[in-house]
Amino acid sequence: MNDSITSPDKTAPEPAAPRYNFRAAEPRWQQAWNDRACFSVPDVPPDGAPKYYVLEMFPYPSGKIHMGHVRNYTLGDVVARYKRARGHLVMHPMGWDAFGLPAENAARERGTHPAKWTYANIANMRDELKRMGLSLEWSREFATCDPEYYGQQQKLLLDFWKAGLVERRESWVNWDPVDNTVLANEQVIDGRGWRSGAQVEKKKLAQWVLAITKYAPDLLEALGGLDRWPERVKLMQSNWIGRSEGARVRFALAKPVDGTAEVEVFTTRPDTLFGMSFLAVAAEHPLAAAAAARDAKAAEFVAECRSMGTSEAVIEQAEKKGFDTGFRVKHPFTGAEYPVWIANFVLMEYGTGAIFGCPAHDQRDLDFARKYGLSVTPVVLPKGADAATFAVADEAFTDDGTAFNSGFLDGLDVAAAKRGAIDALEKQGAGTGVVNWRLRDWGVSRQRYWGCPIPFIHCDDCGVQPVPDAELPVRLPEDVDFSKPGNPLDHHPTWKHVACPNCGKPARRETDTCDTFVDSSWYFARFCSPRADVPVTKAAVDAWLPVDQYIGGIEHAILHLLYSRFFSRAMKATGHLTVEEPFAGLFTQGMVQHESYKGADGRWLYPEEVDFSVTAEGLRSATLKGGNEPVTIGRVEAMSKSKRNTVDPGAIIAKYGADTARWFILSDNPPDRDMEWTESGVAGAYRFTQRVFRIVDEMRAELPSPELAATILSSPVAATDRATKELRRATHRAIKSVTEALETFAFNVAVARLYEFANAIEAARAPSGQFDAVALGGAKREALETLARLSAPMMPHLAEEAWSLLCPDHADLVALLPWPEADLALLVAESVTLAVQVLGKLRATIEVPVGASEESIFAAAEAEENVQRAVAGKPIRKRIHVPGRVVNLVV
RNA sequence: GCCCGCCUGGCGGAAUGGUAGACGCAGCGGACUUAAAAUCCGCAGUCCGCAAGGACAUGCCGGUUCGAGUCCGGCGGCGGGCACCA
């Protein structure tokens, strides 16, 4: 036993050896950081102070943190602590994405008010996060359900409204019949609600829309400047925005239908107009409705298209189906007539809801034409093909070639033919060249209680009126009834009844609340001045934004990140921000996975219900704890409650401590890949924390004081003693390599370098051969202090504990110390090991002094017995020497 | 279908075109212990060989190079994203 720090914990049996008592140490250092306000920064940093804003995606307060959070926040904390040590003023805040449906479900199921449920969850999760020892500035904390936050959000929405970025629009929406709410296109996955999993229906509703499409060109182009974003995220956003160049072409109907004289299509291939064989419209298109009104069979087909959900389309292998309406259109160039079909593969939401079919050069059109016996006329000739014989069989020709069978376009390549066709269309007023976008405007109306009220008032006389500034925030009523289905705000007896701010007559408050993605689209800006009575204070956001390093899951690659990028632009347009891009650097972490286990009857088992053993063949086997029921070890997959392959971070931290959990999660693999959580891996990490403590604790008695050590290391003896130089080289190599690894997010490599360093320190405890004990003592102090400081971003508590043992007279916290600097001069060794190759194959290694001449190196290499055997007396034609690396002899 | 990414021991992974497998996990042998745990020392890609040493090895086939896990071309497999997008 050493001292009070290592005294045994009464609640757990302690081994006899002195051990690091994390249960006592971790809260103590958390308190010390808090007392010294180590992680606080001003809203407006002093001039010239280098700022660094580290942000992890804030959590939804479900009640408990999970391993994904532990990984996310550990990664962010490593960056924050490292950047702080590098002299940056680091802002590292935390908050809560606190609106959303689960709170309402809890209210319905348990009768707990959403606010009460949410704030209780937040309190618990805050405690859990605090136990992780994260270097967060808790004074900036807020929840999006705080009226102080959503009230400012309402101000933003009103500013956006004045800027023409908020509209009320009657539109087809995705209706989730389980959640009883509208979903954005982005929130519909395979035709099902992203949260409820229910089959989504099409419904026409008046709803609030944010005009994200106004920024579509900019959101796309600016991706090019995001050089610290993962390429794949940029690609996903680019695909989502979906820019395509083409033409809108108007086809005159041979006979007007219900007073309509023409149909407009969008095409990216106006060069293939001469290869047209039909025109097709979506089932929701007015022409389809017109056909349905005339013909029961057409009506039947339209109904079939509507009912055909995505899942069925998948089952049917996306079979192309159509119905000939009997309507005819005239070709803008030739005047020839073509049939108008209703086709199940034409989407009303994309382009104009109508296409012209050119089967020879579009696979989907070709499949359709073959099925219904429509003509196939090739109009683009592949290079080297013969115009007289070229024909399209089962495969459409979609590459570049030369236009033929195309009148005035003949002889042009695809690009030139596109231009030629558009010119001709524009000249005769039959069409225009256009850019089309896949991105839709963002419908934000949700028919729910637990969200930010959209601050408008409906007056029968004055129309939609914004809520006056003085009346903000529009607070959610607290007395709400969840017993009825639908929106509780709409049912509330009094809440929605207000006077019109314009004429004073009775009017109705908007009862829709915001999509929760709105809340998370600007929280990063609010953190800069979280208590301000405006959405953001200009000086604070100008000083801190953009976020220098944002960290979160890849699952937000499109939705959240695109919405935030839009919000930055909208906030700039309304004078709130100066920056357009909110996140200068983005890192997307992988998931945390775990083995899954099944009992004999096929039920899923939690990891803690299972015992493991190793069979005679060396294979792992498992049985149910407290019995011998066999357990099947299943796949390693993402932790999920349904598979019960979860591990509770709270239990891990209680058992091993926060540093162990952090260390393991960082050590396992590169942070952008999925990692596997294993019990043996955690145990290994725990062993290392104990080992570091033991090394420090056992060696500290041999160490000179910090002042004496500095004197020793600058004295001549330190420069000559071999063991001293070796240890110092290991120390400074560790500084260099750990620093490089942290800079590149290679945290698993940083961990490996620290293991190597610890191994080197232990090897120096009992150096073989001659050594100068005094000089080595100085090097040992330097090494141990460096070990503490280099490991601090990953294991901050242990680092403080080690530091306090090494420097008991110094009040500094490691959290406040600068990062160690590597002395490159100390890295130079006296001799190097060179690989000796003959014809590129390794035959020997030789040890040569640094600075040895090439002649002596070649001589030493050729003298090696193995090398001589490989050369076998043949003349050496070429000698290659890569200094410090390799010698290669070519015979 | 299109677009990305990946493929290295039993496992996670490391490796500026220069000794492949660092470091860890799991494993094996030994020391300490009455015993266990903890800890410490050692072994460890595969095959041949007593050994010295050799052959084969980074999904497969080829190429560039004195030298390829790394660069180039082709093929295969796995994973992810998007998708009747006109």
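Residues numbered from 1 in each chain as written. Chains lettered and ligands numbered in written order. Predicted model: local features only at pLDDT ≥ 70, side-chain atom pairs only at ≥ 80, totals over all residues. Heavy atoms only, no water.

Q: Break down the UniProt feature "short sequence motif: 'HIGH' region" (unreviewed entry) in chain A for me, with residues and values.
A: Cross-referencing UniProt, the feature "short sequence motif: 'HIGH' region" (unreviewed entry) maps to residues 59-69 in the present numbering. The span residues 59-69 is 27% helical and 0% strand by assignment, and the distance between its end C-alpha atoms comes to 8 Å. (UniProt positions renumbered as here; feature names shortened; annotations may be inferred. Helix = DSSP H or I, 4+ residues; strand = E, 2+ residues; numbered from the N terminus.)

Q: I'd like a description of the protein's contact with RNA strand B, backed by residues and values.
A: Lining the immediate environment of RNA strand B, one finds 50 residues, of which Thr268, Arg438, Asp668, Glu756 and Asn888 sit closest. The contact in question runs from a sugar or linking oxygen of RNA strand B to an N or O atom on the backbone of phenylalanine 345, over 2.9 Å. Within the side chain of arginine 438, one N or O atom sits 2.3 Å away from a phosphate oxygen of RNA strand B. The element that contributes the greatest number of residues to the surface near RNA strand B is helix α24 (residues 747-765), accounting for seven residues. (Near = heavy atom within 4 Å. Polar contact = N/O pair within 3.5 Å; in protein donor to acceptor, adjacent residues only side chain to side chain.)

Q: Run through the environment of glutamate 555, naming residues and quoting values.
A: Tracing the backbone shows glutamate 555 in the loop between β24 (549-553) and α17 (559-573). Along the primary structure glutamate 555 and lysine 234 are separated by 321 residues, whereas in three dimensions their C-alpha atoms are 13 Å apart.

Q: For the sheet that holds strand β21 (residues 497-499), give the residues involved together with the corresponding values.
A: Within the open sheet, the four strands sit side by side as β20-β19-β22-β21. Their pairing is antiparallel. The sheet terminates laterally at β20 (463-466) and β21, the two strands that pair on one side only. Neighbour-to-neighbour, the strand axes of the sheet open up by a mean angle of 40°, direction not taken into account. In the sheet, strand β19 (residues 456-459) pairs with strand β22 (residues 506-509) via two bridges, with the strands oriented antiparallel. Residue pairing in the sheet places histidine 458 in a bridge with arginine 508 of β22. (Pairing = 2+ DSSP bridges. Axes fitted to C-alpha atoms, helices over the stretch in contact; angles between N-to-C directions.)

Q: Mind laying out the pairing of β20, listing which residues take part and the relevant values?
A: Pairing of β19 with β20 involves four bridges; the strand directions are antiparallel. By the bridge assignment for β20, histidine 458 is matched with valine 464. Where β19 folds back onto β20 in an antiparallel hairpin, the turn is made up of three residues.

Q: Residues and numbers for the packing of aromatic side chains, please.
A: Applying the stated criterion across every chain, the model contains 45 aromatic pairs. Taking 5.5 Å as the distance between ring centres and 80° as the angle between the ring planes, the aromatic pair formed by tyrosine 449 and phenylalanine 482 counts as edge-to-face. On the criterion of sequence distance, the pair formed by tyrosine 449 in the loop between β18 (445-446) and β19 and phenylalanine 482 in the loop between β20 and α13 (488-491) is long-range, its members being 33 residues apart. Their ring planes at 90° and their centres at 6.1 Å tell us that phenylalanine 566 and phenylalanine 567 sit as a pair that is edge-to-face. The pair formed by phenylalanine 566 and phenylalanine 567 is uniform in burial state, with each residue classed as buried. Members of the aromatic cluster, connected to one another through ring pairs, are Phe58, Phe142, Tyr149, Trp522, Tyr523, Phe524, Phe527, Tyr550 and Phe583. (Phe/Tyr/Trp six-rings, centres within 6.5 Å; stacked < 30°, edge-to-face > 60°. Buried < 20%, exposed > 50% of the residue type's maximum accessible area, 1.4 Å probe, protein only.)

Q: Any chance you could break down the pairing of strand β29 (residues 620-624) for me, citing the residues and the numbers?
A: Summarising the sheet, β29 and strand β30 (residues 630-638) pair through two bridges and their orientation is antiparallel. Note that in β30 the partner of alanine 622 across the bridge is valine 631.

Q: Requested: an account of the sheet that holds strand β2 (residues 89-91), with residues and values cited.
A: Spatial ordering of the open sheet is given by β2-β1-β24-β25, a layout of four strands whose pairing is parallel. Of all the strands in the sheet, just β2 and β25 (586-589) have a single pairing partner and so form its edges. Each neighbouring strand pair of the sheet contributes to a mean axis angle of 20°, computed without reference to strand direction. Two elements, strand β1 (residues 51-56) and β2, share three bridges in a ladder whose sense is parallel. Bridging across to β2, lysine 51 finds its partner in leucine 89. Contacts from helix α2 (residues 67-85) reach β1, β2, β24 and β25, with the element oriented near 175° to β1. (Contact = heavy atoms within 4.5 Å.)

Q: Describe the side chain of histidine 92, and please don't skip the residues or the numbers.
A: Along the chain, histidine 92 falls in the loop between β2 and α3 (101-110). The exposure class of histidine 92 is buried, given its relative accessible area of 1%. Ignoring anything within four residues of it in the chain, the contact list for histidine 92 reads Val54, Glu56, Gly76, Asp77, Ala80, Arg84, Ser135, Leu136 and Glu137.

Q: Let's hear about the confidence of the model for chain A: which residues, and what values?
A: Detailed reading of the predicted coordinates is not advisable wherever pLDDT is low. Scored by pLDDT, chain A comes out at a mean of 88, with 94% of its residues at no less than 70. Here residues 1-18 is a poorly scored stretch, pLDDT under 50, and it has 23 contacts once near neighbours within four places are set aside; other chains count. Across residues 309-316 the pLDDT falls below 50, and counting only partners more than four positions away or on other chains, this stretch makes 10 contacts in the model. Confidence metrics for the complex model read pTM 0.91 and ipTM 0.94. (pLDDT = per-residue confidence, 0-100.)

Q: Quick rundown of the packing of α2 against helix α19 (residues 658-667)? Include the residues and the values.
A: Contact pair α2 / α19: the axes reach a minimum separation of 10 Å and the direction vectors enclose 90°. Relative to α19, α2 is oriented roughly perpendicular. On α19, the residues that touch Met67, Val70, Arg71, Thr74, Leu75, Asp77, Val78 and Arg81 of α2 are Arg662, Ile665 and Leu666. Grouping the constituent residues of the contact of α2 with α19 by class yields six nonpolar, one polar and four charged. (Parallel < 35°, antiparallel > 145°, perpendicular 65-115°, else oblique. Nonpolar A, V, L, I, M, F, W, Y, C, P; charged D, E, K, R; others polar.)

Q: Tell me about the pattern of salt bridges, residues and numbers included.
A: One pass over the structure, following the stated rule, counts 47 salt bridges. With a shortest N-O distance of 2.8 Å, aspartate 548 and lysine 51 are connected by a salt bridge. With aspartate 548 in the loop between α16 (538-544) and β24 and lysine 51 in strand β1, the pair connects residues that are 497 residues apart, well separated along the chain. Residues aspartate 548 and lysine 51 agree in their burial class; the two are buried. The residue glutamate 231 makes a salt bridge to lysine 234 at a minimum N-O spacing of 3.3 Å. Taken together, the positions of glutamate 231 and lysine 234, both in helix α7 (residues 231-241) and three residues apart, correspond to about one turn of that helix. Residue glutamate 231 is classed as exposed on the basis of its relative accessible area, which comes to 59%. Taken together, the salt bridges that share partners define one network made up of Asp218, Arg565, Arg569 and Glu581. (Salt bridge = Lys/Arg side-chain N within 4 Å of Asp/Glu carboxyl O.)

Q: Explain helix α4 (residues 114-131) residue by residue, including any values.
A: Owing to its 3.6 residues per turn, the α-helix aligns residues three or four sequence positions apart on the same side. Along its 18 residues, α4 runs 26 Å from first to last C-alpha, staying within 8% of the 26 Å computed at 1.5 Å per residue. Among the residues making up α4, those that are buried are Pro114, Trp117, Thr118, Asn121, Ile122, Met125, Glu128 and Leu129. When α4 is viewed along its axis, its buried side chains cluster within an angular range of 130° and face the same direction. Along its buried surface, α4 packs onto α2 and α3. Where α4 ends, the next residue or the one after it, glycine 133, has phi of about 70°, a positive value. (Expected span 1.5 Å × (residues − 1). Arc of directions from axis to C-beta.)

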